[in-house]
Amino acid sequence: MHAGGLYKNQTYTNSIEAFEKNSKYIKYLEIDFQLTKDYKLVCSHDDITNTYTYKKFLKENKKKEIKECDYKSLSEWLKKNPNKIIITDVKSNNNLEALEFIQNNFENFHKNFIPQIYDPENYELVKNMGYENIIWTLYKYKRTKDNFNKITNIAKKKKFFAITMPPDVAIKGLSEKIKKETNSKVLVHTINFRRDVAELVFFYNVTDIYTDRLLNDINNIFSWFWKKIILNE
């Protein structure tokens, strides 16, 4: 579930309420994180690193109808939901510091968190913190068809839990290349229609997707599949 998933028709809420609603059906929750000016972890998509202290975050958060989580409320939620997995997406430029904060403030961080890294050179640093699984996400990494070989060669040398990429990059062939040449899963963000999931999985070797909403609606998936595969339309 991307940013905790849709809640009251809103995306990017990163809220405990969203986790409660969506985790009934989903094990993995991707959450946006920031470190405040005084280095406290909060759940927020917009960059507040240079403007908010933890106290200010709490004050502003109180005014919101749907409140974002912070490290204290998330820790309490994980104690009640120990089998859920949080995938991190640190929106500011202090990913390593945020992962160190998680390491020091969550009891079972190595079980409950899968960190995303943006620079593959940080793999060993994050592994040495004690994280068992690591995702390399490519949205901040230079991606051209010319460096698909470079990305794949890096993936061969590291034991990534998965490589995450935008759908257009998967469609250009990187997903298939990684799946053929490495042991990494391939994840794609952000996909909200079943027909798109089917296309990415069946034609481009994608393992799974990040989504804003539970894909339990009917998008004529069988009709689409019939026309695409059987009738070749």
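Residues numbered from 1 in each chain as written. Predicted model: local features only at pLDDT ≥ 70, side-chain atom pairs only at ≥ 80, totals over all residues. Heavy atoms only, no water.

## Side note on the overall build of the protein chain
Helix and strand counts for the protein chain come out as 11 helices and 9 strands. Here the C-alpha radius of gyration of the protein chain, 18 Å, is about what a compact globule of 233 residues would show, namely 17 Å. Each of the three principal axes of the protein chain carries a C-alpha extent, and together these read 60 × 40 × 30 Å. Taken across its 233 residues, the protein chain has 49% of its residues classed as buried. (Helix = DSSP H or I, 4+ residues; strand = E, 2+ residues; numbered from the N terminus. Rg over C-alpha atoms; globule rule 2.2 N^0.38 Å. Buried < 20%, exposed > 50% of the residue type's maximum accessible area, 1.4 Å probe, protein only.)

## Remarks on the packing of helix α7 (residues 148–157) against helix α9 (residues 174–181)
Interhelical geometry of α7 versus α9 gives an angle of 35° and a closest axis separation of 10 Å. Note that α7 runs across α9; the crossing there is right-handed. Where α7 approaches α9, its residues F148, N149, I151, T152 and K156 are matched on the opposing element by L174, K177, I178 and E181. Taken together, the residues of the contact of α7 with α9 sort by class into 4 nonpolar, 2 polar and 3 charged. (Axes fitted to C-alpha atoms, helices over the stretch in contact; angles between N-to-C directions. Left-handed = near helix turned anticlockwise from the far one by under 90°. Contact = heavy atoms within 4.5 Å. Nonpolar A, V, L, I, M, F, W, Y, C, P; charged D, E, K, R; others polar.)

## Details of the environment of L74
In this fold, L74 is placed in helix α3 (residues 71–80). On a C-alpha basis, the gap between L74 and V42 in space is 9.1 Å, while along the polypeptide they are 32 residues apart. Beyond its immediate sequence surroundings of up to four residues, L74 is in contact with I16, F19, I31, F33, C69, I86, F106 and F113.

## Description of α3
All of the buried residues along α3 are Y71, L74, S75, W77 and L78. The buried side chains of α3 occupy one side of the element, clustering within an arc of 165° when seen end-on. Among the residues of α3, the N-terminal cap falls to D70, whose side-chain oxygen and the backbone nitrogen of K72 are separated by 2.9 Å. (Arc of directions from axis to C-beta. Polar contact = N/O pair within 3.5 Å; in protein donor to acceptor, adjacent residues only side chain to side chain.)

## Some remarks on the state of the cysteines
In total, this model carries 1 disulfide according to the counting rule given. Each sulfur of the disulfide joining C43 and C69 lies 2.0 Å from the other. Because the torsion about its S-S bond is -90°, the bridge between C43 and C69 counts as left-handed. Taken together, the residues C43 in strand β2 (residues 41–43) and C69 in the loop between α2 (54–62) and α3 connect sequence positions 26 residues apart. Here C43 matches C69 in class, with each residue buried. (Disulfide = S-S within 2.5 Å.)

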